[in-house]
Amino acid sequence: METIAAERKASKLATKELTYFLYGGEEMVLRKREIENAVISDPTYDITKYHYLTREELFEQAVKKSVHSITKLMPELDILGVFERHSLTSVIGGENPLSLHTDMFMPTITGQGSDEQQEKWLPLATNYKIIGCYAQTEMGHGTYVRGLETTATYDPVKQEFDIHSPTLTSIKWWPGTLGVNATHAIVPARLITKGEDKGIHNFIVQLRSLDNHTAMKGITIGDIGPKFGYAEMDNGFLKFEHVRIPRDNLLMRFSQVLPDGTYVRPKTSSKLSYGTMVLIRAGLSKFSFEMLSRALTIAIRYSIVRRQTQNRPGEAETQLLDYVNQQHTLITLLATVFGIYFVSQDTIQLYVKTQSQLNEENMELLPELHASSSGVKAISTNLASQGIETCRIACGGHGYSLSSGFPFLYQSTTPSMTYEGDNNVLLLQTARYLIKIRKEVQEDPSYSPPDNVNYLTEAVRPRNINFRSPQHQLALYQCMVRACVDRAATKVSQGEKIGLDYFDAWNAAAVELIQCAEAHTHYVMVKSFIENIDKEEVRNMSPYNQFILKCLSDIFSLNYILNKSGLFIEAGAIYGRELNEIREVIQSQILEVRPAAVSLVDAFDYPDFVLRSVLGRKDGDVYTAMWEWVQHNPRNKHKNGVHPVYKKYTRKLLRAKM
Ligand SMILES: CCCCC/C=C/C(=O)SCCNC(=O)CCNC(=O)[C@H](O)C(C)(C)COP(=O)(O)OP(=O)(O)OC[C@H]1O[C@@H](n2cnc3c(N)ncnc32)[C@H](O)[C@@H]1OP(=O)(O)O
Ligand SMILES: Cc1cc2nc3c(=O)[nH]c(=O)nc-3n(C[C@H](O)[C@H](O)[C@H](O)COP(=O)(O)OP(=O)(O)OC[C@H]3O[C@@H](n4cnc5c(N)ncnc54)[C@H](O)[C@@H]3O)c2cc1C
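Residues numbered from 1 in each chain as written. Chains lettered and ligands numbered in written order. Predicted model: local features only at pLDDT ≥ 70, side-chain atom pairs only at ≥ 80, totals over all residues. Heavy atoms only, no water.

Remarks on the site of ligand 1
Around ligand 1 there are 25 residues in total, and T143, K271, Y274, R432 and K436 lie nearest to it. A distance of 3.3 Å is found between a nitrogen atom of ligand 1 and a side-chain nitrogen or oxygen belonging to Q136. At 2.8 Å from an oxygen atom of ligand 1 is found a side-chain nitrogen or oxygen belonging to R281. Notes on ligand 1: free accessible area 1200 Å², of which the protein chains cover 81%. Counting residues per element, the ones that place at least two in the shell around ligand 1 are α6 (99–112), α8 (275–305), α10 (366–393) and α13 (423–443). For the shell around ligand 1, the class distribution of residues is 11 nonpolar, 7 polar and 7 charged. (Near = heavy atom within 4 Å. Polar contact = N/O pair within 3.5 Å; in protein donor to acceptor, adjacent residues only side chain to side chain. Areas by Shrake-Rupley, 256 points an atom, 1.4 Å probe, with all protein chains shown as cover. Helix = DSSP H or I, 4+ residues; strand = E, 2+ residues; numbered from the N terminus. Nonpolar A, V, L, I, M, F, W, Y, C, P; charged D, E, K, R; others polar.)

Here you go:
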């Protein structure tokens, strides 16, 4: 305990200043803490026995907490905005089993419903007169949205759609909130009218009675069963047997079906029906920041408290965080988590800007938003999931205990590599955009690519390179990414030249395409980090805070160059003989950050209640907390400390004549 207090005292970081920066100001932080304290002091949210509950107990407790939050806490605290709702859900912890209602069902109505439809459905949803989910994925299709089989066949006589699951594989499978609680769903289905298949459109379908919650006629519905994690979420299945819905349950902001069955195409893009997925993808980079910053708070604090091995006679055992390997592991991850923070801010800003342009039917930014949100979602969720596992391993045996908090963080984060679009599939979408832009650059010398793809026209290795220079770092990335995009594009065109059709040529280059998308997205992240710490808000920070952010930026940028040095060397961006210099710069920056490590994670401002970790307590009193935690273990509570299995089995073994 003294060690962590001493480190805090010795740190020169202006922790509060960084907290206010990360959360958008003092007022936001104080409001967040007000909401946190309300939850922490409410017995409904007690987590003492959390780790010892069964799957069904966890689910029931989660639903109870969700309903309590909506009916009691939100009104009492007058919680309105997205930030406040998010503060509430993040401090409650666990999966919020009703979350798809606000996270996907309502945004889809807002984004794709006509004004009349919004007027009809949003008040019902806002007041929880209905509970919605987003039922897109089927047993046979998740990635291939255009291949979804559920049909919505228009009947002009009754002016209704017939929603049907024609095959076993068309049964909706995975949607959250569906298995137990949802009364309605957004159902993407094949719109068929006048005998023609118009492709996937979004429909609102009632699933359960608002009187007694039983399934509506023609609906077979339930929970898909235990998963890798996510025990508190009722991911479900949903089968339609010719279920009838009114014509105006087709969301008709962009396309319509007239009473006689005439189909009116979208004036802009059919891809606007994918808008909710783009929204969630843009938000998942912020989610990745939160999950990884929690894991780092636990790992860094524990690595300061934990000592292992006396390395000099008469001296105390060494703090884990004073082992250079441990510093390298965790401080490079600290740099990564700030990299994810900055790019998540930029991605959300790009989403907001694109949405406001779309409201004026200006589609200009949509391709860049799709490509960027796809790549950033893929890389940030990859980095966060891998980073949390790295933090767990860095905490030894205790990291593997549920009491560490890591298993929950990992189980909650790792599905984000799959949902809202499998990461490989999304990186291929980013690659498709890059190859297209490259083609435009090649065919039209007057065309200037978007700022984040500027390497297609600007990539030059600087003379007299200085690896601490942000501009020089960016130049190295530009050379590397351009080479990756060229390599992928060349592979595709080579396939076409030997007679492969477009799919085979594209598929043959898939590895190079994913690689160029990864490289591009890392460049975007490094550029975002460098540009954001050069903005006025950071320039007005205390000099030491600016210095530490610059160190983290250098580590984030150079560590990827070191790890992917083959790509940079192959691109002529760096020479093998320069790798040692890069290692030295990284190591020196890590040493600069080491004294500020505890304050950097304190700046994330997570109460112990949120971390749910005996290792990550702010006071560092790890061993007391560990001993306290094990007292709640039911396995230790049998009469005379003898578990029933002894009498049932073990005693026979011990007494057997063998
Ligand atoms: C709070 C979190 C809770 C999490 C709960 C989880 C919920 C879910 O998981 S919901 C289900 C999520 N499912 C997916 O994300 C499915 C992933 N698949 C897709 O998004 C699409 O199938 C696709 C993008 C992989 C392919 O779509 P497709 O229609 O086949 O398009 P093409 O690849 O043929 O490209 C054509 C053209 O369209 C552009 N485009 C594709 N998607 C979008 C988009 N979302 N926005 C804008 N533009 C898009 C694409 O770039 C192509 O453009 P061009 O190159 O100019 O032709
Ligand atoms: C916890 C969780 C919650 C979810 N919640 C929801 C929800 O609320 N609503 C909802 O509708 N869905 C939900 N999903 C489903 C999720 O959106 C899908 O699982 C996801 O889109 C991936 O599709 P898939 O499972 O069919 O995988 P597949 O598409 O079968 O992918 C499997 C593998 O094949 C590869 N692959 C597939 N297609 C291609 C391609 N074209 N090119 C190259 N490689 C390819 C992928 O890279 C991947 O490695 C959820 C899933 C999970 C795990």
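Examining the confidence of the model for the chain
The predicted model of the chain has a mean per-residue pLDDT of 96, with 100% of residues at 70 or higher. Scoring of the predicted complex yields 0.97 for pTM and 0.99 for ipTM. (pLDDT = per-residue confidence, 0-100.)

Structural notes on helix α5 (residues 82–92)
Buried within α5 are the following residues: E84, S87, L88, S90, V91 and I92. Along its buried surface, α5 packs onto α3 (26–40), α4 (55–77), α8 and α23 (608–611). Just beyond α5, the residue with positive phi is G93, at close to 80 degrees. (Buried < 20%, exposed > 50% of the residue type's maximum accessible area, 1.4 Å probe, protein only. Contact = heavy atoms within 4.5 Å.)

Some thoughts on the pattern of salt bridges
With the rule as written, the count across this model stands at 32 salt bridges. Here the residues in one salt-bridge network are K32, R33, E36 and D605, joined through shared partners. (Salt bridge = Lys/Arg side-chain N within 4 Å of Asp/Glu carboxyl O.)

Description of the UniProt feature "binding site: FAD" (unreviewed entry) in the chain
According to UniProt, the "binding site: FAD" (unreviewed entry) feature falls on T137 and G176. Despite a sequence span of 40 residues, these residues sit close together in the fold, their greatest C-alpha distance being 10.5 Å. Topologically, T137 is positioned in the loop between β1 (132–134) and β2 (151–155). For T137, the contacting residues outside a window of four places in its chain are G142, K172, W173 and P175. Within the secondary structure, G176 sits in the loop between β4 (172–173) and β5 (184–193). On the basis of relative accessible area, G176 is assigned to the buried category, the value being 8%. In this structure, G176 is in contact with L100, C133, M233, D234 and N235, ignoring residues within four places of it in sequence. (UniProt positions renumbered as here; feature names shortened; annotations may be inferred.)

What to know about the side chain of D234
Structurally, D234 is set in the loop between β7 (219–223) and β8 (236–240). Despite its burial, D234 pairs with no opposite charge; the closest candidate is R208, at 6.0 Å N-O. In terms of polar contacts, D234 uses its side chain to reach the backbone amide nitrogen of T177, at 3.3 Å. With sequence-adjacent residues up to four places away left out, D234 is seen in contact with F59, P97, P175, G176, T177, L178, G179, V180, N181 and D223. (Lys, Arg positive; Asp, Glu negative; His and termini not counted.)

Considerations on the sheet that holds β4
Read from one edge of the open sheet, 3 strands run β4-β8-β7, paired in antiparallel fashion. Only two strands of the sheet have a single neighbouring strand rather than two, namely β4 and β7. Here β4 runs beside β8; their pairing, made up of 2 bridges, is antiparallel. Bridge assignment links K172 to a residue of β8, and that residue is L238. (Pairing = 2+ DSSP bridges.)

Structural notes on the packing of aromatic side chains
For the structure shown, the criterion picks out 22 aromatic pairs. Considering the side-chain rings of F342 and F529, the 5.0 Å spacing of their centres and the 45 degrees angle between planes classify their relative orientation as tilted. Taken together, the residues F342 in helix α9 (residues 324–358) and F529 in helix α17 (residues 510–532) connect sequence positions 187 residues apart. Ring pairs connect the aromatic residues F21, F289, F338, Y341, F342, F529, F556, F604 and Y606, which therefore count as one cluster. The residue whose ring lies beneath K32 is Y23, and the NZ or CZ to ring-centre distance is 4.7 Å. A cation over an aromatic ring shows up here: R612 above the ring of Y50, its NZ or CZ 4.4 Å from the ring centre. (Phe/Tyr/Trp six-rings, centres within 6.5 Å; stacked < 30°, edge-to-face > 60°. Lys NZ or Arg CZ within 6 Å of the ring centre and 35° of its normal.)

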